[in-house]
Amino acid sequence: MSIPCHMQEYAQDAMSYIHHYGCSNLFITFTCNPAWNEIQQLLLPGQSQMDRHAIAARVFRQKLKSLMDFIVKYEVFGSVRCWMHSVERQKRGLPHAHITNLSLR
């Protein structure tokens, strides 16, 4: 089985980050919650988040960006030199992200 070119590039990028900055100090999993108010307010009566994937994806992306801004700008875990993340979908359709916080000072 061959790996798509973009996935191979991502893997090579990750390896070069680790080579340059060292091993990661932190690994965070961030999962979408279908009960978030931002999602529930945009659903029509009788709908679930499974009916409106785009809403859950958009809210998840906004919250992920807010989380990363909070961690990096406020240096919650220390000064961040480099970080990367990968977004995947769970079996029930909700997105979740694996965040690797590389090289805290």
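Residues numbered from 1 in each chain as written. Predicted model: local features only at pLDDT ≥ 70, side-chain atom pairs only at ≥ 80, totals over all residues. Heavy atoms only, no water.

Caption draft 1: Broad picture of the UniProt feature "domain: Helitron helicase-like" (unreviewed entry) in the protein. The UniProt entry lists residues 6-99 under the feature "domain: Helitron helicase-like" (unreviewed entry), expressed in the numbering used here. Taken end to end, residues 6-99 comprises 46% helix and 24% strand; its first and last C-alpha atoms sit 19 Å apart. (UniProt positions renumbered as here; feature names shortened; annotations may be inferred. Helix = DSSP H or I, 4+ residues; strand = E, 2+ residues; numbered from the N terminus.)

Caption draft 2: A look at the nonpolar core. Membership of the largest hydrophobic core comes to 17 residues, with the highest contact counts inside it found for Phe30, Cys32, Trp36, Ile39, Phe60, Leu64 and Ile99. Listing elements by their share of this core, those giving two or more residues are strand 1 (24-31), helix 3 (53-73) and strand 3 (95-104). Here this core takes 7 residues from helix 3, the largest share from any one element. Those residues in contact with Cys32, other than ones at most four positions away along the chain, are Ile39, Ala56, Phe60, Leu94 and Pro95. (Core = buried A, V, L, I, M, F, W, Y, C linked by side-chain atoms within 4.5 Å. Buried < 20%, exposed > 50% of the residue type's maximum accessible area, 1.4 Å probe, protein only. Contact = heavy atoms within 4.5 Å.)

Caption draft 3: Just helix 1 (residues 5-21), in detail. With 17 residues, helix 1 ought to run about 24 Å at 1.5 Å a step, and its terminal C-alpha atoms sit 24 Å apart, in line with that. Where helix 1 terminates, the next one or two residues include Gly22, which has phi positive at roughly 95°. (Expected span 1.5 Å × (residues − 1).)

Caption draft 4: How the structure looks around the packing of aromatic side chains. If you walk through the whole model with that rule in mind, you get 3 aromatic pairs. Ring geometry for Phe70 versus Tyr74: centroids 5.5 Å apart, planes at 50°, classification tilted. Looking at Phe70, the relative accessible area reads 43%, which means it is partly exposed. Put simply, the rings of Phe30, Trp36 and Phe60 pair up and form one aromatic cluster. Above the ring of Trp36, the side-chain terminus of Lys63 is found at 4.9 Å from the ring centroid. (Phe/Tyr/Trp six-rings, centres within 6.5 Å; stacked < 30°, edge-to-face > 60°. Lys NZ or Arg CZ within 6 Å of the ring centre and 35° of its normal.)

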